[in-house]
Amino acid sequence: MPRSLTAAASVAVLSFAMGAFATAASAEAAKPWMNTKLSPDERARLLNAELTLDERIGLVHGPMAMPFKIKTIPKGAIGSAGYIAGVERLGIPALQESDASLGVTNPLGMRPGDGATALPSGLALAATFNAKLAYDGGALVGREARAKGFNVQLAGGVNLARDPRNGRNFEYLGEDPLLAGTLAGESIRGIEAQNVVSTIKHFALNGQETNRHWANSVIEEGALRESDLLAFQIAIEKGQPGAVMCAYNLVNGDYSCGNDHLLNGVLKGDWAYKGWVMSDWGAVHAMNYAVKGLDQQSGEQLDDQVWFGAPLKTAVEKGEVPAERLSDMTRRILRSMFAAGLFDVPAAKSEIDYPANAEIARKVAQEGIVLLKNREGLLPLAKTAKTIAVIGGHADAGVLSGGGSSQVIPPGGAKVSIPLGGEGMMAAFRNQILHPSAPLAAIRAEAPGARVTFNDGRYVASAVAAAKAADVVIVFGNQWMGEGEDAPDLSLPEGQDVLIAAVTAANPNSIVVLQTGGPVTMPWLDQAGAVVEAWYSGAKGGEAIADVLFGEVDASGRLPMTFPVSIEQYPRVAMPGLGLPEKAQFDVVYDEGADVGYRRFAATGQKPLFPFGHGLSYTRFGYANLKVTGGDALTVSFDVTNTGQRPGKDAPQVYLTSAAGKPVQRLIGFEKVELKPGETRHVTITADPRLLGGFDVAGKRWSLTAGDYQVAVGASSADLALKASAKIKARSIKP
Ligand code: BGC
């Protein structure tokens, strides 16, 4: 107590303090769910019991917080993708939802000038093979979200890349369930650790954008569990996302958001998921989705009706939807809110340190850039090069980003946005937005002694002349991809393949830097001296590209997706549903089952252009002392040594190559290691048993057959240096 108070004042203060204590205690008694010592389940149970029918209905639906098909946005909503009103009477905060995976978005500039740090694309993150960077990126998104007042991030895109043309591959994490699931889980964990709810999406098998609302994904149940669902399962276990967003498409005949089997059976049943299921925006087609497992209707103005408003209320009043089910819906929402800390540590506006956050984005970009090809001695670039010709790709202005709901606007607004035009719902998102981190300036900064010229690449003849006049050429190839559309083929658009072919023919010291949303074909590959896949590289992409080109950092990205020779190497050459009118349902038959990407290349003996896991380094790595032990679990250990002259980072990969005598290829472990020249690291990996076995549909569990299991350690799925095997006991595991 302050010493200067008089005795009378002290008594007054004391009694005030006691009064305050009593008030706090009675508030606590009145709101027992605010007791942080109780579990989120218990707190949710207590609060849920207080809700009236109308309050419950209010919590299970909400609009896009944008004046789109509605005149004004709800009072209190921050303009963003979604809003669910809270319940003031009980202190339940509103859900302020924004997209998410690549940074906090500002759709259609709803909040003028409010940008955010752009992380590199999901594929760039996956290419890092670095779980820590995934966590750091998630934590960054969570922090910026909180500081803008958001408490839900629509993040966690983990659909497996089954088609290299998928327009949203850049938001996802590649073709492998272990890699994608692990990194998605870590990035979700990073978001939730900032007291922000994260989703995981799009549940499930949203494998293409073409006519996505009418695509019926057809797949055998066991194969689904072993592939796309396994990625979700791993990510949910690791990241504990508060919500699962169901997808636009149908799965085996039922819409994802009304899919009893997927939602009630697999997610809430087999996996005992405790959070809530929210719909994708415009993915609810009927009120009875409430009994099929959907808990919340999002972006409701995009649906034909606010199904979870008056229709659901009437159905509950009539007993057509059990009141217990509605209560379960709100309990799940509240449970995730308590678990993430939305009641205890509410989001509050605060300053954001964008320069510091941009450095995190730069680290992800540096480790995600993949050196696909390098003619000995060309890269890293010598700082002594006299003339460098930089060509194309708007490299003078910034780095490319992908379009759609994940589009991040840089702090201060997008300075360069090249409209692509178009029609329909997604037309407003069809802009090539460049993040203001120009590779040209970064290259100039790395080579102050060189004359660095820029040619925009619009005319082949002048680009060729520029290439001929330089010691070294850095030519960019851009492929914009966006939500709502797939690439029609794997070429670089706008004649860039012709440009690159001419430039690489004119100067053998040509380095091709690709900024693509996924794999592309490379008709000019033989002529190129070096090829670098930079993906969409985010807030500091230009600097990160220059860092890799000049060897400021090692080239340590590894492909999270196979790069094919042509689309003919994939099971679906014609894009399913292309050209069909709206509302015409069609099947996308995934008869490759769980053999997604490299697994199918292995099963069919095809040779890709660049295999999954491939990526060169500026140093060399050797693997030795492989030991595999079996029994109840499969444990693999080996040494990785930097046998070259430079410090570097490697991502050694462990594959299962046969299971109980049956040839397979599955990634069962990976690690990112940083090594000085001559340094050795001992790596130990215990395989997730689900990756060793198969899903037994009739028995509804994972099952491992007893026998020999062979593993291989290598630098990519097609470069397996060491092999060994061990005997595994028969085992079955809960689904
Ligand atoms: C996308 C979701 C996104 C939502 C809200 C939808 O179009 O599919 O990924 O979270 O919009 O912006």
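Residues numbered from 1 in each chain as written. Predicted model: local features only at pLDDT ≥ 70, side-chain atom pairs only at ≥ 80, totals over all residues. Heavy atoms only, no water.

Draft legend 1. How the structure looks around the packing of helix 6 (residues 177–192) against helix 8 (residues 228–239). Following both chains from N to C, one finds helix 6 and helix 8 inclined at 30°, their axes separated by 7 Å at the closest point. In terms of their interaxial angle, helix 6 and helix 8 are classed as roughly parallel. Every pair of crossing elements has a handedness; the one defined by helix 6 and helix 8 is right-handed. Two secondary-structure elements touch here, helix 6 through Pro 177, Leu 178, Gly 181, Thr 182, Ala 184, Gly 185, Glu 186, Ile 188, Arg 189 and Glu 192 and helix 8 through Leu 230, Ala 231, Ile 234, Ala 235, Lys 238 and Gly 239. (Axes fitted to C-alpha atoms, helices over the stretch in contact; angles between N-to-C directions. Helix = DSSP H or I, 4+ residues; strand = E, 2+ residues; numbered from the N terminus. Parallel < 35°, antiparallel > 145°, perpendicular 65-115°, else oblique. Left-handed = near helix turned anticlockwise from the far one by under 90°. Contact = heavy atoms within 4.5 Å.)

Draft legend 2. Representation of the pairing of strand 18 (residues 530–533) in the model. What you see with strand 18 is no split at all: Ala 530 and Val 532 on one side and Val 531 and Glu 533 on the other are buried throughout. With four bridges connecting them, strand 10 (residues 370–374) and strand 18 associate as antiparallel partners. Considered in strand 18, the bridge of Asn 374 is made with Ala 530. With four bridges connecting them, strand 17 (residues 510–515) and strand 18 associate as parallel partners. When the sheet's bridge partners are listed, Leu 514 is paired in strand 18 with Glu 533. (Buried < 20%, exposed > 50% of the residue type's maximum accessible area, 1.4 Å probe, protein only. Pairing = 2+ DSSP bridges.)

Draft legend 3. Structural view of the site of the ligand. In the vicinity of the ligand lie 13 residues, with Asp 99, Arg 168, His 202, Asp 280 and Glu 483 positioned nearest. Side-chain polar atom of Asp 99 to an oxygen atom of the ligand: 2.5 Å apart, as the coordinates give it. Between the ligand and Asp 280, the relevant distance is 2.7 Å, taken from an oxygen atom to a side-chain nitrogen or oxygen of the residue. Alone, the ligand offers 310 Å² of accessible surface; in the complex the protein occludes 92% of this. For the shell around the ligand, the per-class residue count stands at five nonpolar, two polar and six charged. (Near = heavy atom within 4 Å. Polar contact = N/O pair within 3.5 Å; in protein donor to acceptor, adjacent residues only side chain to side chain. Areas by Shrake-Rupley, 256 points an atom, 1.4 Å probe, with all protein chains shown as cover. Nonpolar A, V, L, I, M, F, W, Y, C, P; charged D, E, K, R; others polar.)

Draft legend 4. Layout of the nonpolar core. Of all hydrophobic cores here, the largest spans 154 residues; its most connected members are Ile 92, Phe 203, Leu 312 and Leu 634. One finds Leu 379, Ala 385, Ala 546 and Leu 549 within the second-largest nonpolar core, a separate group that totals 33 residues. (Core = buried A, V, L, I, M, F, W, Y, C linked by side-chain atoms within 4.5 Å.)

Draft legend 5. The arrangement of the sheet that holds strand 15 (residues 451–455) in detail. Taken in spatial order, the six strands line up as 10-18-17-16-11-15 in an open sheet, and their pairing is mixed. Each having just a single partner strand, strand 10 and strand 15 make up the two edges of the open sheet. Within this sheet the neighbouring strands show an average axis-to-axis angle of 15°, counted without direction. On the sheet, helix 17 (residues 541–549) packs against strand 16 (472–478), strand 17 and strand 18 and is oriented at approximately 145° with respect to strand 17.

Draft legend 6. Spatial organisation of the state of the cysteines. Within this structure, the stated rule accounts for one disulfide. The residue that forms a disulfide with Cys 246 is Cys 257, at a sulfur-sulfur distance of 2.1 Å. The disulfide joining Cys 246 to Cys 257 has a torsion of about 105° about its S-S bond and is therefore right-handed. In this pair, Cys 246 is assigned in strand 6 (residues 243–246) and Cys 257 in the loop between strand 8 (254–255) and helix 9 (260–270), connecting sequence segments 11 residues apart. Both residues of the pair, Cys 246 and Cys 257, count as buried. (Disulfide = S-S within 2.5 Å.)

Draft legend 7. Highlighting empty space enclosed by the protein. Scanning the model with the defined rule gives five cavities of 30 Å³ or more in all. Computed from the structure, the largest cavity encloses a volume of approximately 180 Å³. Mapped onto the lining of the largest cavity, the elements with two or more residues apiece are helix 4 (122–128), helix 5 (131–147) and helix 6. Ranked by residue count, the leading element in the lining of the largest cavity is helix 5, at five residues. Residues that form the lining of the largest cavity fall into these classes: 12 nonpolar, eight polar and one charged. If you add up the space inside the second largest cavity, you get close to 90 Å³. Lining the second largest cavity are 14 residues, and of these Leu 102, Leu 119, Ser 401, Gly 402 and His 435 sit closest to its centre. (1 Å grid on protein atoms, 1.4 Å probe; cavity = no way out; pocket = protein on both sides within 12 Å on 5 of 7 lines; lining within 4 Å. Points joined across faces, edges and corners; volume = space filled by probe spheres on them.)

Draft legend 8. View of the environment of Glu 50. Structurally, Glu 50 is set in the loop between helix 2 (40–48) and helix 3 (53–59). By relative accessible area, which is 39% here, Glu 50 ends up partly exposed. The sequence separation of Glu 50 and Tyr 273 amounts to 223 residues, and the corresponding C-alpha distance is 24 Å. Setting aside anything within four residues of it in sequence, one finds Glu 50 in contact with Trp 33, Glu 55, Arg 89 and Leu 90.

Draft legend 9. Spatial organisation of unusual backbone geometry. A cis amide bond, omega -5°, links Lys 201 with the succeeding residue His 202. Among the structural elements, His 202 can be located in strand 4 (residues 197–203). With an omega of 0°, the peptide bond between Leu 379 and Pro 380 qualifies as cis. Among the secondary structure elements, Pro 380 is positioned in the loop between strand 10 and strand 11 (387–391). The residue Asn 195 is not glycine, and still its phi comes out positive at about 65°. Classification of Asn 195 as partly exposed rests on a relative accessible area of 22%. Positive phi outside glycine occurs at Ala 272, with the angle close to 50°.

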